[in-house]
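This is what each chain is made of:
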Amino acid sequence: MVWEDLAIGQVLTTEAFEDAVATVLALGGSTNAVIHLIAMAGRCGVPLSLEDFDEISRRVPVLANIRPSGAYLMEDFYYAGGLPGLLGRLAQVPGALHPDRLTVSGGTFGEQIADAPVHDEDVIRSPDNALATEGGVAVLRGNLAPDGAVIKHIAAEPRLLKHTGPAVVFDDYHELQKRINDPSLSITADSVIVLRNAGPQGGPGMPEYGMLPIPDYLLTQGVRDMVRISDARMSGTSYGACVLHVAPESWVGGPLALVRSGDLITLDVPARELRLEVNDRELAARRTQWRRPQKKFERGYGALYSEQVTQADQGCDFEFLSRPGRNPEPDPQ
């Protein structure tokens, strides 16, 4: 690449990031990829947003029959043909990929995946036998997530994709761990469990708390999934109707900070909506009563982090690393 003067900016283009998004969605991949890809694109000066994920999701099918949304393991995916096999199948979907873009090989993306073999048709599906007709991750908006939230809906129980239920609110993860099995909270299978103060600043660091636990007494009754909402992240191997990355996060005054136990919350994945069923006047009154939490850090790296970290919809990166602009080339002398 050096001798050919092939710079990374010629490879990491808008089309390359769109193909990365399409790949994640065809895999039914991790919601963490949403944050990581937006952050990487920001470092490269490429505009990538939650809207891009949602738009691509509507035209990309899920072709990898792997857990948690499918039946097989990642090891099975590897032996079935792995990523080249998946990309070869995805290239058959009109408009899903950009086969003519340049790669680090000096050739085109299409050349890299042409004739990639698939050894197990049930693990890596063809487009006409897709696991789902749309990508496995959806972007939600509404008065509870004005800047967006995400859900890996392909790994949720279908009955919960359109659901309205009363909120049960926990102010931090320690409170949730301590009280989730408390019968006095009267949590039912229809409840919506809400965790706040687990985002980029509130965590701090946006920990993987998003697969909120289900009370033990409901598990013994056979309940295996519930609607759960947080401004946290979730492991890529997790499953369930877990709404994640709510932005803005509650720590900075996002609407999640205004939710009270008993409020009705509506999740509507087909409509891409997350809504708090509380009128604007009441929310405005609650806003006047809200007080921003005391700073966690007053000096050092923690203070720098708190001042510079962006919200989930912007990649949770340092603002000064993703802002537009240029730096001078090093002076060899």
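Just above, that's the structure.
Below, the structure is looked at part by part. (Residues numbered from 1 in each chain as written. Predicted model: local features only at pLDDT ≥ 70, side-chain atom pairs only at ≥ 80, totals over all residues. Heavy atoms only, no water.)

## Re the overall build of the protein
Turning to step 1, where the next piece is worked out: If you tally the helices and strands in the protein, you get eleven helices and eight strands.
Turning to step 2, where the next piece is worked out: Computed over its C-alpha atoms, the radius of gyration of the protein comes to 21 Å, within 12% of the 20 Å expected for a compact globule of 333 residues.
Turning to step 3, where the next piece is worked out: Taken over the C-alpha atoms alone, the protein extends approximately 65 × 60 × 30 Å along its principal axes.
Turning to step 4, where the next piece is worked out: Residue burial in the protein is summarised as follows: out of 333 residues, 50% are buried. (Helix = DSSP H or I, 4+ residues; strand = E, 2+ residues; numbered from the N terminus. Rg over C-alpha atoms; globule rule 2.2 N^0.38 Å. Buried < 20%, exposed > 50% of the residue type's maximum accessible area, 1.4 Å probe, protein only.)

## What about helix α1 (residues 14-27)?
Turning to step 1, where the next piece is worked out: Across its 14 residues, α1 extends 20 Å between first and last C-alpha, which sits within 8% of the 20 Å expected from 1.5 Å per residue.
Turning to step 2, where the next piece is worked out: Within the sequence span of α1, burial applies to A16, F17, D19, V21, A22, T23, V24, L25, A26 and L27.
Turning to step 3, where the next piece is worked out: G28 sits one or two positions beyond α1 and adopts a positive phi of about 65 degrees. (Expected span 1.5 Å × (residues − 1).)

## Describing the packing of aromatic side chains
Turning to step 1, where the next piece is worked out: Considering all chains together, one arrives at five aromatic pairs under this definition.
Turning to step 2, where the next piece is worked out: Ring centres of F318 and F320 lie 5.5 Å apart, and the angle between their planes is 25 degrees; this geometry places the pair in the stacked category.
Turning to step 3, where the next piece is worked out: Take F318: its relative accessible area is 13%, and that puts it in the buried class.
Turning to step 4, where the next piece is worked out: With relative accessibility at 37%, the residue F320 sits in the partly exposed group.
Turning to step 5, where the next piece is worked out: Taken together, the ring pairs connect Y301, Y305, F318 and F320 into an aromatic cluster. (Phe/Tyr/Trp six-rings, centres within 6.5 Å; stacked < 30°, edge-to-face > 60°.)

## Looking at the pattern of salt bridges
Turning to step 1, where the next piece is worked out: For the structure shown, the criterion picks out 21 salt bridges.
Turning to step 2, where the next piece is worked out: Across the salt bridge formed by E282 and R286, the nearest N and O atoms sit 2.9 Å from each other. Note that E282 and R286 are positioned in helix α9 (residues 280-289) at a spacing of four residues, about one turn of the helix.
Turning to step 3, where the next piece is worked out: You can call E282 partly exposed: its relative accessible area is 29%.
Turning to step 4, where the next piece is worked out: Classification of R286 by relative accessible area gives buried; the value is 9%.
Turning to step 5, where the next piece is worked out: Between E319 and R323 there is a salt bridge; the shortest N-O distance is 2.6 Å.
Turning to step 6, where the next piece is worked out: The class for E319 is partly exposed, based on a relative accessible area of 34%.
Turning to step 7, where the next piece is worked out: Judged by relative accessible area, which is 44%, R323 ranks as partly exposed.
Turning to step 8, where the next piece is worked out: Within this structure, D54, R58, E134 and R272 form a network of salt bridges that share partners. (Salt bridge = Lys/Arg side-chain N within 4 Å of Asp/Glu carboxyl O.)

## Observations concerning the pairing of strand β8 (residues 273-276)
Turning to step 1, where the next piece is worked out: Where burial is concerned, the two faces of β8 differ: the one with L274 and L276 is buried and the one with E273 and R275 is not.
Turning to step 2, where the next piece is worked out: Sheet analysis places strand β7 (residues 264-268) next to β8, joined by four bridges and oriented antiparallel. Opposite L267, over in β8, you have L274 as the bridge partner.
Turning to step 3, where the next piece is worked out: In textbook terms, the turn of a hairpin is the stretch between consecutive antiparallel strands, and for β7 and β8 this stretch comprises four residues, one of which, R272, has a positive phi near 55 degrees. (Pairing = 2+ DSSP bridges.)

## Quick look at a nonpolar patch on the surface
Turning to step 1, where the next piece is worked out: Together, M1, I8, L12 and V104 make up a nonpolar patch on the protein surface, roughly 340 Å² of accessible area in all.
Turning to step 2, where the next piece is worked out: Among the secondary structure elements, L12 is positioned in the segment before α1. (Patch = residues over 30% accessible without salt bridge, like charges linked within 9 Å, V, L, I, M, F, W, Y side chains within 5 Å. Areas by Shrake-Rupley, 256 points an atom, 1.4 Å probe, with all protein chains shown as cover.)

## Some words on the environment of S49
Turning to step 1, where the next piece is worked out: Structurally, S49 can be placed in the loop between α2 (32-43) and α3 (50-57).
Turning to step 2, where the next piece is worked out: Taking relative accessible area as the criterion, S49 reaches 23% and is therefore assigned partly exposed.
Turning to step 3, where the next piece is worked out: Measuring from C-alpha to C-alpha, the distance between S49 and A39 comes to 9.9 Å, with ten residues separating the pair along the chain.
Turning to step 4, where the next piece is worked out: Separated by 3.1 Å, the side chains of S49 and E51 make a polar contact. (Polar contact = N/O pair within 3.5 Å; in protein donor to acceptor, adjacent residues only side chain to side chain.)

## Looking at unusual backbone geometry
Across the chain, the bulk of peptide bonds are trans and the bulk of non-glycine residues have phi less than zero.
Turning to step 1, where the next piece is worked out: Residues R67 and P68 are joined by a peptide bond in cis, for which omega reads 10 degrees.
Turning to step 2, where the next piece is worked out: With an omega of -10 degrees, the peptide bond running from G203 to P204 counts as cis.
Turning to step 3, where the next piece is worked out: You can see P204 is positioned in the loop between β4 (192-195) and α8 (216-219).
Turning to step 4, where the next piece is worked out: One non-glycine residue, D5, lies in positive phi territory at about 55 degrees.
Turning to step 5, where the next piece is worked out: Mapped onto the fold, D5 is located in the segment before α1.

## A closer look at the side chain of T103
Turning to step 1, where the next piece is worked out: If you trace the backbone, T103 turns up in the loop between α5 (82-90) and α6 (109-113).
Turning to step 2, where the next piece is worked out: The class of T103 is buried, set by a relative accessible area of 10%.
Turning to step 3, where the next piece is worked out: Here S105 takes part through its side chain, which lies 2.7 Å from a polar atom of the side chain of T103.
Turning to step 4, where the next piece is worked out: Apart from the residues lying within four places of it in its own chain, the contact partners of T103 are L6, V11, T108, F109 and Q112. (Contact = heavy atoms within 4.5 Å.)

## What about the state of the cysteines?
Turning to step 1, where the next piece is worked out: Enumeration according to the criterion identifies zero disulfides in this entry.
Turning to step 2, where the next piece is worked out: No disulfide involves C44; its sulfur sits 17 Å from that of C316, the nearest cysteine.
Turning to step 3, where the next piece is worked out: Judged by its relative accessible area of 22%, C316 falls in the partly exposed class. (Disulfide = S-S within 2.5 Å.)

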